Amino acid sequence: MKITHLAFIKCMKYLNACYSKSMDQEQLESWFEYFSDISYSTLNNAIKEIVSESKYFPTISQLKDKCKEINKKYIISIIDKMKESGYFKKGVEELTDSHASNSYFKTLMWLDEGNLTEFVENDIKDFLKQNKQIEQKNKKLLNNVKNL
């Protein structure tokens, strides 16, 4: 989900506060153009990492690179969860461990090269949806237990 103006300004206020810097409205608008397609959590996490790593206020390019790094880590964590759930063993028949391992590493290679295939992207989205549904069901079960 793309970041809203309000969420972007919140992130930038935090960044500016950490470096004792201030930006005027025009600067905020010009920076927003570069980050409008990034989610709040990605930008927020990128800013927190930059603040902990660097004594200097980042450039747009540095912050964009950090956002890409954060996104990549997130996608890798999803791919790892998919591997744990047996995703890479699925086929017409269950695949061997060797074949599953090759598919897993091939997926990581595609991600690293920026060439993640459409079917893998769709499978990642489906995996996230399924996990969200499972998570919601578990929350309902927990709420039902609390109400007993």
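For the structure itself, consult the block above.
Model, not experiment: these values are computed from the prediction.

A.B. asks: What am I meant to see in the overall build of the chain here?
C.D. replies: Of regular secondary structure, the chain possesses six helices and zero strands. Shown N-terminal to C-terminal, the secondary structure of the chain runs as helices and strands in the order α-α-α-α-α-α. Taking the contacts inside the chain whose residues are at least 6 apart along the sequence as the reference set, 68% of them involve residues at least 24 apart. When the accessible surface of the chain is totalled, it reaches about 10,600 Å², and 53% of it is carbon and sulfur.

A.B. asks: What exactly am I supposed to notice about the nonpolar core here?
C.D. replies: It is characteristic of soluble globular proteins that their nonpolar side chains tend to be buried jointly. Ranked by internal contacts, the top residues of the largest apolar core, which has 21 residues, are Phe-8, Trp-31, Phe-35, Leu-43 and Leu-63. Those elements giving two or more residues to this core turn out to be helix 1 (5-18), helix 2 (25-35), helix 3 (40-53) and helix 4 (60-84). Sorting elements by how many residues they give to this core places helix 1 first, with five residues. The contacts of Phe-35, once residues within four sequence positions are left out, are Ile-3, Phe-8, Leu-43, Ile-60, Leu-63, Lys-64 and Cys-67. Membership of the second largest hydrophobic core comes to 14 residues, among which are Ile-78, Ile-79, Tyr-87 and Val-120.

A.B. asks: Which parts of the structure should I look at to understand the side chain of Ser-39?
C.D. replies: Within the secondary structure layout, Ser-39 lies in the loop between helix 2 and helix 3. Owing to a relative accessible area of 18%, Ser-39 belongs among the buried residues under this scheme. Leave out the neighbours within four places in its chain, and Ser-39 touches Met-1 and Ile-3.

A.B. asks: Could you clarify how one ought to interpret the state of the cysteines in this entry?
C.D. replies: Cysteine pairs can be linked by a disulfide, which is a covalent bond between their two sulfur atoms. The final tally for this structure, using the stated rule, is zero disulfides. There is no disulfide at Cys-11, and the cysteine sulfur nearest it, in Cys-67, is 8.8 Å away.

A.B. asks: Help me understand the packing of helix 2 against helix 4 in this model?
C.D. replies: Between two packed helices, the angle of one axis relative to the other and the distance separating the axes together describe the packing. Following both chains from N to C, one finds helix 2 and helix 4 inclined at 35°, their axes separated by 11 Å at the closest point. Here helix 2 and helix 4 pass one another in a crossing that is right-handed. Between helix 2, through Trp-31, Tyr-34 and Phe-35, and helix 4, the contact on the second element is made entirely by Ile-60, Leu-63, Lys-64 and Cys-67.

A.B. asks: When you look at the pattern of salt bridges in this model, what are you seeing that I'm missing?
C.D. replies: Between side chains of opposite charge, a pair can form when the charged atoms approach closely. Within the structure shown, the criterion is met by nine salt bridges. Taking the shortest distance from any N to any O, the salt bridge between Lys-64 and Asp-37 comes out at 4.0 Å. Within this pair, whereas Lys-64 is found in helix 4, its partner Asp-37 is found in the loop between helix 2 and helix 3, the two being separated by 27 residues in sequence. Lys-64 gets classed as partly exposed once you look at its relative accessible area, which sits at 22%.

A.B. asks: What's the story with the environment of Tyr-74 in this structure? I'm lost.
C.D. replies: For Tyr-74, the position within the fold is in helix 4. As a C-alpha pair, Tyr-74 and Thr-42 span 32 residues in sequence and 9.1 Å in three-dimensional space.

A.B. asks: What exactly am I supposed to notice about the packing of aromatic side chains here?
C.D. replies: Each aromatic ring pair is specified by the distance between its two centres and by the angle formed by the two planes. Throughout the structure, instances matching the rule amount to nine aromatic pairs. On the numbers, 5.6 Å between centres and 80° between planes, the contact of Phe-88 with Tyr-104 is edge-to-face. With Phe-88 in the loop between helix 4 and helix 5 (97-113) and Tyr-104 in helix 5, this residue pair connects regions lying 16 residues apart in the sequence. Taking relative accessible area as the criterion, Phe-88 reaches 6% and is therefore assigned buried. A residue is classified by how much of its surface remains accessible, and Tyr-104, at 8% relative accessible area, is buried. The interplanar angle of 70° and the centroid separation of 5.1 Å between the aromatic rings of Tyr-104 and Phe-105 together place this pair among those described as edge-to-face. In this structure, Lys-21 is placed above the aromatic ring of Phe-57, and the distance from its NZ or CZ to the ring centre is 5.0 Å.

Each value, and the rule that gives it
Residues numbered from 1 in each chain as written. Predicted model: local features only at pLDDT ≥ 70, side-chain atom pairs only at ≥ 80, totals over all residues. Heavy atoms only, no water. Helix = DSSP H or I, 4+ residues; strand = E, 2+ residues; numbered from the N terminus. Contact = heavy atoms within 4.5 Å. Areas by Shrake-Rupley, 256 points an atom, 1.4 Å probe, with all protein chains shown as cover. Core = buried A, V, L, I, M, F, W, Y, C linked by side-chain atoms within 4.5 Å. Buried < 20%, exposed > 50% of the residue type's maximum accessible area, 1.4 Å probe, protein only. Disulfide = S-S within 2.5 Å. Axes fitted to C-alpha atoms, helices over the stretch in contact; angles between N-to-C directions. Left-handed = near helix turned anticlockwise from the far one by under 90°. Salt bridge = Lys/Arg side-chain N within 4 Å of Asp/Glu carboxyl O. Phe/Tyr/Trp six-rings, centres within 6.5 Å; stacked < 30°, edge-to-face > 60°. Lys NZ or Arg CZ within 6 Å of the ring centre and 35° of its normal.

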